[in-house]
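# Coordinate analysis (summary)
Each chain is listed here by its residues.
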Amino acid sequence: METKITSKFIAELIGTFGLVLFGCGAAAIAGGDTLVGTSGLGLLGISLAFGLSVVVFAYAIGSVSGCHINPAVTIGVLVSGRITFRDALVYIAAQFIGAILSAFVLKTILMGQLAGFQQGEWAFGSNGWGAGYQSEYGMVTAFITEAILTAIFLFVILGTTSKIGNGTMAGLAIGLTLVLIHMVAIPITGTSVNPARSLGPAIFAGGNAIAQVWLFLVAPIVGAVIGAILWRMVYADPKTA
């Protein structure tokens, strides 16, 4: 019997909530000097926080919803023909709601500092580009980075969860791929590859974070479609999907 759509909605909401809280929380609360790593978690620590979050929830809710916890992943899976359009809409709604709720909780936690919280231009783990953000890369570079890395991410997800993939190890492989993605992209964009993960913090950060969030809504979706198409080209036999 097909799992009820309500269960899938709740699972995706909780999973995305956890991803944003653990990943963006690691960056905003304990990140320290992200690029140099002289204090706090640093680049590697934040990368692991995002990747391990995917691993944890892949095994927690994977049997319920497949653990997309990312609108770009859901769109890529839709393009690959593994999910219905109705379910995709439900997943995406749950993911955005979960991310926004999580960002609100993260903001509430940060505002609880007794010394006061000084909100920066790209607060709460928001993504961005340009002058004043990380290593100050341009918009075109940011778009290309997000699109290409999301395409690779989708290719790995679709390959490891296919009938010829190793399903029991899929969660680990996908999580480690996200770690690698973050290790490359954090200095460039802070790493999105996930529209929900970007929109949630941007709403509460405002300023440049919300002005630039369009790139992190569009580029990952473009990359997801490319990744799904490449996967269909490689795994041309529908029986292996």
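Here goes a summary of the coordinates provided. Keep in mind the model is a prediction, meaning the values are calculated, not measured. (Residues numbered from 1 in each chain as written. Predicted model: local features only at pLDDT ≥ 70, side-chain atom pairs only at ≥ 80, totals over all residues. Heavy atoms only, no water.)

## So, the overall build of the protein chain
Counting secondary structure elements, the protein chain contains nine helices and zero strands. Reading the secondary structure of the protein chain in the N-to-C direction produces α-α-α-α-α-α-α-α-α. Whereas a compact globule of 241 residues would reach a radius of gyration of roughly 18 Å, the protein chain reaches 17 Å, a difference of no more than 12%. Across its three principal directions, the C-alpha atoms of the protein chain cover 55 × 35 × 30 Å. Contacts spanning at least 24 positions in sequence make up 74% of the contacts within the protein chain whose residues lie at least 6 apart. Of the roughly 10,500 Å² of accessible surface on the protein chain, a fraction of 70% belongs to carbon and sulfur atoms. Distance between charge centres in the protein chain, computed from 9 positive and 8 negative side chains, equals 14 Å. (Helix = DSSP H or I, 4+ residues; strand = E, 2+ residues; numbered from the N terminus. Rg over C-alpha atoms; globule rule 2.2 N^0.38 Å. Contact = heavy atoms within 4.5 Å. Areas by Shrake-Rupley, 256 points an atom, 1.4 Å probe, with all protein chains shown as cover. Lys, Arg positive; Asp, Glu negative; His and termini not counted. Charge placed at Lys NZ, Arg CZ, Asp CG, Glu CD.)

## Quick word on helix α7 (residues 195-205)
Counted residue by residue, α7 has nine buried out of 11 residues, so it is predominantly covered. For α7, the full list of buried residues reads P195, A196, R197, S198, L199, G200, P201, A202 and A205. The backbone nitrogen of A196 has a side-chain oxygen 3.1 Å away, supplied by the residue at the start of α7, namely N194. Trailing α7 by a residue or two, G206 shows a phi angle of about 65°, which is positive. (Buried < 20%, exposed > 50% of the residue type's maximum accessible area, 1.4 Å probe, protein only. Polar contact = N/O pair within 3.5 Å; in protein donor to acceptor, adjacent residues only side chain to side chain.)

## Considering the pattern of salt bridges
Scanning the entire structure with this criterion turns up two salt bridges. Between K8 and D87 there is a salt bridge whose closest N-O contact spans 3.1 Å. Here K8, found in helix α1 (residues 5-30), pairs with D87, found in helix α4 (residues 85-110); they are 79 residues apart in sequence, far enough to count as distant. Across the pair, exposure class does not vary: K8 and D87 are buried alike. For D87, the salt bridge goes to R86, with nearest N and O atoms at 3.1 Å. Among the ionic contacts, a cluster of salt bridges with common partners joins K8, R86 and D87. (Salt bridge = Lys/Arg side-chain N within 4 Å of Asp/Glu carboxyl O.)

## Side note on α1
Taking 1.5 Å per residue, 26 residues should reach 38 Å; α1 reaches 36 Å between its end C-alpha atoms and fits that length. Largest kink in α1: about 30°, centred on C24. (Expected span 1.5 Å × (residues − 1). Bend = angle between axes of the 7 residues up to and from the residue.)

## Here's the deal with the packing of aromatic side chains
In this structure the tally under the stated criterion is seven aromatic pairs. An aromatic cluster of at least three residues, connected via ring pairs, comprises W129, W214 and F216. (Phe/Tyr/Trp six-rings, centres within 6.5 Å; stacked < 30°, edge-to-face > 60°.)

## Re the packing of α1 against helix α2 (residues 42-65)
One can describe the packing of α1 onto α2 by two numbers: an axis separation of 8 Å at closest approach and a directional angle of 170°. Classified by the angle between their axes, α1 and α2 sit roughly antiparallel to one another. Of the residues in the contact of α1 with α2, the class split is 14 nonpolar, six polar and two charged. (Axes fitted to C-alpha atoms, helices over the stretch in contact; angles between N-to-C directions. Parallel < 35°, antiparallel > 145°, perpendicular 65-115°, else oblique. Nonpolar A, V, L, I, M, F, W, Y, C, P; charged D, E, K, R; others polar.)

## Regarding the nonpolar core
Within the largest apolar cluster, 47 residues are counted, with the highest numbers of intra-cluster contacts made by I69 and F153. For this core, the secondary structure elements donating two or more residues are α1, α2, α3 (71-80), α4, α5 (139-160), α6 (170-189), α7 and α9 (213-234). Considering each element in turn, this core owes the most residues, seven residues, to α2. Leaving out residues up to four positions away in the same chain, I69 has contacts with E12, G15, T16, L19, V54, F57, I61, Q95 and N194. Among the nonpolar cores identified, the runner-up in size contains five residues, and A142, L215, F216 and A219 belong to it. (Core = buried A, V, L, I, M, F, W, Y, C linked by side-chain atoms within 4.5 Å.)

## Quick notes on the side chain of S126
You can see S126 is positioned in the loop between α4 and α5. Separated by 2.6 Å, the side chain of S126 and the backbone oxygen of A123 make a polar contact. Residue contacts for S126: discarding those within four places in its chain leaves Y133, R197, P201, A202, A205 and A209.

## Re the environment of I69
Along the chain, I69 turns up in the loop between α2 and α3. We classify I69 as buried; its relative accessible area is 2%. With 56 residues separating them in the primary sequence, I69 and G125 have C-alpha atoms 17 Å apart.

## Notes on the state of the cysteines
One pass over the structure, following the stated rule, counts zero disulfides. C67 provides the cysteine sulfur closest to C24, a residue in no disulfide bond, and the two sulfurs are 16 Å apart. Overall, the relative accessible area of 0% leaves C24 in the buried class. Judged by its relative accessible area of 10%, C67 is buried. (Disulfide = S-S within 2.5 Å.)

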